[in-house]
Amino acid sequence: MMNLTGIISISGKPGLYKVVAQAKNSVIVESLEDNKRVPAYATDRISALEDISIYTYGEDKPLKEIYTDIFNKENGGATLSHKDDIKKLTAYLTEILPDYDQERVYSSDIKKLFQWYNLLHKSGNLKLEEEVAEEVTEETEKTAEKAEKKEKKAATAKKPAAAKKPAAAAKPAKSAKPAGAAKAKTTVQRKSGSN
């Protein structure tokens, strides 16, 4: 299945966004088209792609399953443009999802489905969950290797501690004067020297 975690759509704003960080009163998102970062506030209508489904006559089918089917059909490539004729897009969707509810899935939804797929493909965010799991495993292995190397370096760097030399004979401690006393003395000297 396709991994759509962290990819969102914001109502009223074109394109898709990736959640980057959490701010005090908003979420910082990055556009997949131009990589510009903007805040998304609680008043914005935000939809996570992993939560979106397409109506069918049976159970609704999650968007990530439909994108996986398109990805497999196109061998990982781009698909039809959302600007193509709606009959062509509908015929393609019928091949992928023959039992979609034609009364509740509008032509604007179909266009958005293809637009989002191609946008995800162009930005490199179309990844199967297996690929993401492999990347995480590789990163974990690299981190473990680095930790092992650091441990080896630390073990070889540790040498027996040399015996410490005895401290030199203690010098007599100077009498401590309050900080204010030294200042007062110099002030007095200046006054007496100017007279």
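For the structure itself, look to the data block above.
Notes on the structure follow. What you are looking at is a predicted structure, and each value in this text was computed from that prediction instead of being measured.

### Regarding the pairing of strand β1 (residues 7–10)
Line of reasoning, step 1. Residues Ile7 and Ser9 of β1 are buried on one face, and the alternating residues Ile8 and Ile10, pointing to the opposite face, are buried as well.
Line of reasoning, step 2. Note that β1 and strand β2 (residues 17–22) share two bridges and pair antiparallel. Residue pairing in the sheet places Ile8 in a bridge with Tyr17 of β2.
Line of reasoning, step 3. Between β1 and β2, which pair antiparallel and follow one another directly, the connecting turn spans six residues, one of which, Gly12, has a positive phi of 90°.
Line of reasoning, step 4. Pairing between β1 and strand β5 (residues 46–48): three bridges, direction antiparallel. Of the residues in β5, the one forming a bridge with Ser9 is Ser47.

### Observations concerning the nonpolar core
General note: in soluble globular proteins, nonpolar side chains tend to be found buried as a group.
Line of reasoning, step 1. Formed by 29 residues in total, the largest nonpolar core has its most connected members in Leu16, Leu49, Tyr67, Leu113 and Leu120.
Line of reasoning, step 2. For this core, the elements supplying multiple residues, two or more each, are α1 (63–73), α2 (86–96) and α3 (107–123).
Line of reasoning, step 3. In terms of residue count, α3 provides more of this core than any other element does, seven residues in total.
Line of reasoning, step 4. Leaving out residues up to four positions away in the same chain, Tyr67 has contacts with Met2, Leu4, Lys112, Leu113, Trp116, Tyr117 and Leu120.
Line of reasoning, step 5. Within the second largest apolar cluster, five residues are counted, among which are Ile8, Ile10, Tyr17 and Ala40.

### Details of the pattern of salt bridges
Line of reasoning, step 1. Inspection of every chain in the model, using the stated rule, returns four salt bridges.
Line of reasoning, step 2. Where Asp101 meets Arg104, a salt bridge forms, and the shortest distance between an N and an O atom there is 3.2 Å.
Line of reasoning, step 3. Arg104 sits in the partly exposed class, given a relative accessible area of 40%.

### Observations concerning α2
Line of reasoning, step 1. Looking at α2, one finds that the buried residues are Leu89, Tyr92, Leu93 and Ile96. Down the axis of α2, the smallest arc covering the buried residues is 100°, so these residues share one side. Across from the buried face of α2, at angles greater than 90 degrees, the exposed residues are Lys87 and Glu95.
Line of reasoning, step 2. Buried-residue contacts for α2 involve α1 and α3.

### Examining the packing of α1 against α3
Line of reasoning, step 1. At a minimum axis separation of 11 Å, α1 and α3 run at an interaxial angle of 65°. Between α1 and α3, the interaxial angle falls into the category roughly perpendicular. Note that α1 runs across α3; the crossing there is right-handed. Residues Leu63, Ile66, Tyr67, Ile70 and Phe71 of α1 lie in contact with α3, whose contacting residues are Lys112, Leu113, Trp116, Tyr117 and Leu120.
Line of reasoning, step 2. Here the residues of the contact of α1 with α3 sort into nine nonpolar, no polar and one charged.

Reading the values: the criteria
- Residues numbered from 1 in each chain as written.
- Predicted model: local features only at pLDDT ≥ 70, side-chain atom pairs only at ≥ 80, totals over all residues.
- Heavy atoms only, no water.
- Buried < 20%, exposed > 50% of the residue type's maximum accessible area, 1.4 Å probe, protein only.
- Helix = DSSP H or I, 4+ residues; strand = E, 2+ residues; numbered from the N terminus.
- Pairing = 2+ DSSP bridges.
- Core = buried A, V, L, I, M, F, W, Y, C linked by side-chain atoms within 4.5 Å.
- Contact = heavy atoms within 4.5 Å.
- Salt bridge = Lys/Arg side-chain N within 4 Å of Asp/Glu carboxyl O.
- Arc of directions from axis to C-beta.
- Axes fitted to C-alpha atoms, helices over the stretch in contact; angles between N-to-C directions.
- Parallel < 35°, antiparallel > 145°, perpendicular 65-115°, else oblique.
- Left-handed = near helix turned anticlockwise from the far one by under 90°.
- Nonpolar A, V, L, I, M, F, W, Y, C, P; charged D, E, K, R; others polar.

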